[in-house]
Each structure stands twice: as C-alpha cells, then as structure tokens.
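Structural overview for review
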Amino acid sequence: LFDGVYPFYPQQRKAFVFDVSTIIVIVVFLTFACSFLLIIPGIRGRARLYWTVRVLLSLTVGVVIVAVQFTGDWETGWVKANTSYKSFSHALVNADIGLHVGLAGVNITLMGNPVNQVNETINYNEHFSWTFDADYDLSYSEGLEKGLPSPILYVAEKFTMQSPCGVYRQYRISGHYASATLWVAFCTWLISNMLFSMPVLVYGGYMLLVTGAFMIFSLLSFSTVRNSPMCLIQFGTATLRIGYGGSFWLTLAIGLLCFVSGITVVTLHYFNLDLLKTFFDLREDNAEEYQEMTEVYVNPHFMNKRL
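Under an unreviewed UniProt entry, the name given to the protein chain is DOXA2 factor, and the source organism is Pandion haliaetus. Annotation of the protein chain in UniProt includes, under Subcellular location (unreviewed entry), the sentence "Membrane".

All right, on to the state of the cysteines then. Evaluation of the coordinates by the stated rule reveals one disulfide. Residue pairing for C165: its cysteine sulfur links by disulfide to C231, the two sulfurs lying 2.1 Å apart. Between C165 and C231 the disulfide shows an S-S torsion of about -135°. By sign, it is left-handed. Placement of the pair is C165 in the loop between α4 (150-157) and α5 (168-197) and C231 in the loop between α6 (201-223) and β5 (233-235), with a sequence separation of 66 residues. Exposure remark for C165: the relative accessible area of 11% places this residue in the buried category.

Within strand β2 (residues 92-101), eight of the 10 residues are buried, leaving the element largely enclosed by the surrounding structure. Bridge count between strand β1 (residues 75-84) and β2: 10 bridges; the pairing is antiparallel. Looking across to β2, one finds that S84 is bridged to L92. With seven bridges joining them, β2 and strand β3 (residues 105-117) adopt antiparallel strand pairing. Bridging across to β3, D96 finds its partner in M111. Count of turn residues in the β2/β3 antiparallel hairpin: three residues.

Taken from the UniProt record, the annotation "transmembrane region" (unreviewed entry) applies to residues 20-39, 51-71, 91-110, 177-196, 202-225 and 246-271. Summarising residues 51-71: 81% helix, 0% strand, and an end-to-end C-alpha distance of 30 Å. From the first C-alpha to the last, residues 91-110 spans 16 Å; its make-up is 0% helix and 80% strand.

This part covers the packing of helix α1 (residues 20-39) against helix α2 (residues 47-67). Direction vectors running N to C along α1 and α2 enclose 170°, while the axes themselves pass 10 Å from each other. One way to sum up the angle between α1 and α2 is to call them roughly antiparallel. Seen from α1, the contacting residues are T22, V25, I26, F29, F32, A33 and F36; seen from α2, they are W51, T52, V55, L56, L59, G62, V63, V66 and A67. Class assignment of the residues belonging to the contact of α1 with α2 gives a composition of 13 nonpolar, three polar and no charged.

Moving on, we get to a nonpolar patch on the surface. A cluster of nonpolar side chains, contributed by V20, I24, V28 and F32, occupies part of the molecular surface with about 380 Å² of accessible area. Here V20 shows up in helix α1. On the basis of relative accessible area, V20 is assigned to the exposed category, the value being 60%.

Further remarks concern the packing of aromatic side chains. Taken as a whole, this structure holds 21 aromatic pairs when the rule is applied. A centroid spacing of 6.0 Å and a plane angle of 85° characterise the contact between Y244 and W249, whose relative ring orientation is edge-to-face. For the pair F248 and W249, a centre-to-centre distance of 5.3 Å together with 85° between the ring planes defines the contact as edge-to-face. Here F248 falls in the buried class, since its relative accessible area comes to 7%. Assessed through its relative accessible area of 46%, W249 is described here as partly exposed. An aromatic cluster of at least three residues, connected via ring pairs, comprises F128, W130, Y136, F159, Y168 and Y171. For R54, the ring lying beneath its charged end belongs to W51, and the centroid distance is 4.3 Å. Positioned above the aromatic ring of F279, the side-chain terminus of R54 is 5.8 Å from the ring centre.

How each quantity is defined
- Residues numbered from 1 in each chain as written.
- Predicted model: local features only at pLDDT ≥ 70, side-chain atom pairs only at ≥ 80, totals over all residues.
- Heavy atoms only, no water.
- UniProt positions renumbered as here; feature names shortened; annotations may be inferred.
- Disulfide = S-S within 2.5 Å.
- Helix = DSSP H or I, 4+ residues; strand = E, 2+ residues; numbered from the N terminus.
- Buried < 20%, exposed > 50% of the residue type's maximum accessible area, 1.4 Å probe, protein only.
- Pairing = 2+ DSSP bridges.
- Axes fitted to C-alpha atoms, helices over the stretch in contact; angles between N-to-C directions.
- Parallel < 35°, antiparallel > 145°, perpendicular 65-115°, else oblique.
- Contact = heavy atoms within 4.5 Å.
- Nonpolar A, V, L, I, M, F, W, Y, C, P; charged D, E, K, R; others polar.
- Patch = residues over 30% accessible without salt bridge, like charges linked within 9 Å, V, L, I, M, F, W, Y side chains within 5 Å.
- Areas by Shrake-Rupley, 256 points an atom, 1.4 Å probe, with all protein chains shown as cover.
- Salt bridge = Lys/Arg side-chain N within 4 Å of Asp/Glu carboxyl O.
- Phe/Tyr/Trp six-rings, centres within 6.5 Å; stacked < 30°, edge-to-face > 60°.
- Lys NZ or Arg CZ within 6 Å of the ring centre and 35° of its normal.

If you want it as structure tokens, here you go:
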C-alpha cells in the first residue's frame, strides 16, 4: 500500500546513512564540479592541471563539511542475536540489530536472518531525533504506540531522558556543538576560497589551517560522549557494541588534509613563492607586469611634428 509504505506508517522511513538532505548536498557540489569540468578545456597549459587539482580538492572539503552533518554513522554498531520480536510473545527471531548514531539522532535497524520469519517481513529502520527542535521522548512514545518490534524499542529506550543510562543529554549537547563547529569550518572554508581568488595566498593558507582546526574541534566535541559510560545493550548472550563510524573518520581525514594544505601554502609563501604563484597561475601575470621592453618603435612623423 501507498508505494511500498505500510499503512500504519505516516511517512517514509529515513535511511540510516543517507537521507534526502545528504543527497541534496552531494548533488549541489557535483553540479559545481561538472560545471567546472565543462570550462576546464579553455585553460591552457599546465595551469589546467593546477586548476583541476585546486577546485576538486576545495569542493571535496566543502561537500564533506556539509554532508557529514546529515549522515547517521558517526558511531555504528551491529550484533547478531536470537531475540524476542514482539511484546507478550515468546516467539524468537534471528536478526541483525544495528545502531547508528549521528549528530541529530539515532537510527536503529532490525533485519531478520532470513527476512521472512514468524509470518512477517522483518526489515525495520527507525529514526529518533534529539535536535533542539525535536522531542526524543515523544518519538519514542510514538514508537510504542505504533507497536515497533521489541529490539528497536529496547535500544531506543537507552537514549531517553528517563533512562538510567543518562547518555541522552551528553549525546544531544555533543552533537549540537559538533554541528556548530562544522558550520564555522564551512564559513572559514568559504573565506579561504575568497582569499585564494583575490589573491592573498598566505592568508588563504591560514584560513585553511583554521578550517582544519574547527573540524578537529568538532571531533573532540563529539568524542566527549565517551566520558559517559554507555549501558550494556545486551540481547541474551550477545552484546551490541558501538565504535566510531565512517563520518567520524572521514571528517578526521579531511581535517588533516586542510592542515597539510594550509601548512604547504604557508611554507611555500616564505620559502618558494615562485612555485606557489605557479601553482595558483599567477607567475605568468607578474612576469608580464614587470617585463622590460627591449625595443621601442616610434613614428617619425609624430615625433617631428612635436619637435
């Protein structure tokens, strides 16, 4: 019914890694990249390679800074277990249970092995948000009213405000500040591109260093959740353990890339300025500006008339 959505679900379920916001961000940056690739044949010589490297690296940094704010795999964990499927039922199912933590909330995945068990299709993915404009406990209560499977409700209950685990506030505040510092990093990334195009190369390098610093600050903010001991999420003898996911390590890699790029620009500015200007396609312009004229041609008619 309703294009593959069960009638007791009011809207489409949210994917645990990619959602609509992430796809929009990626499409926008891919549009910029494709637009640049269309004009790159008009750039002559080695400058074409330099422009391609600069633009693609810059777009990569920008898309990662924005996209990781909407992904749901800053922390991930999976466990395979035999567990009860519904409340007030002794039926057990064999399933993979996944927990995916993002900056804005958690996604809990339940997939049966096989998918069809106890006369039902066991393939669930539920999102519970803890942003400041959302009510996590309300989302959990709505899940209870829907009659979500017991493993999903059991995991989601660990993050409620009333849970004795007490990790809700830590995750919520850490995710909020990590998101805020990433937006600051996005602003400094824009400023660095402006400085490189003016061009004020050394200051663009400094802003790349600031961009990398704020990305590292976002990781430090999110990692403070480790200060709160996480309650065991146990299904029989199996325990669901979570660790840093793809978005965390990708942010770390791009932050280090910004550091390396910024240090390289600043170092070349002080030790090999000609190479830096060549990479930014500025050396040829300066050479023309300061070029000495070797021969001068004068019209004798105008010279005699003036005399």
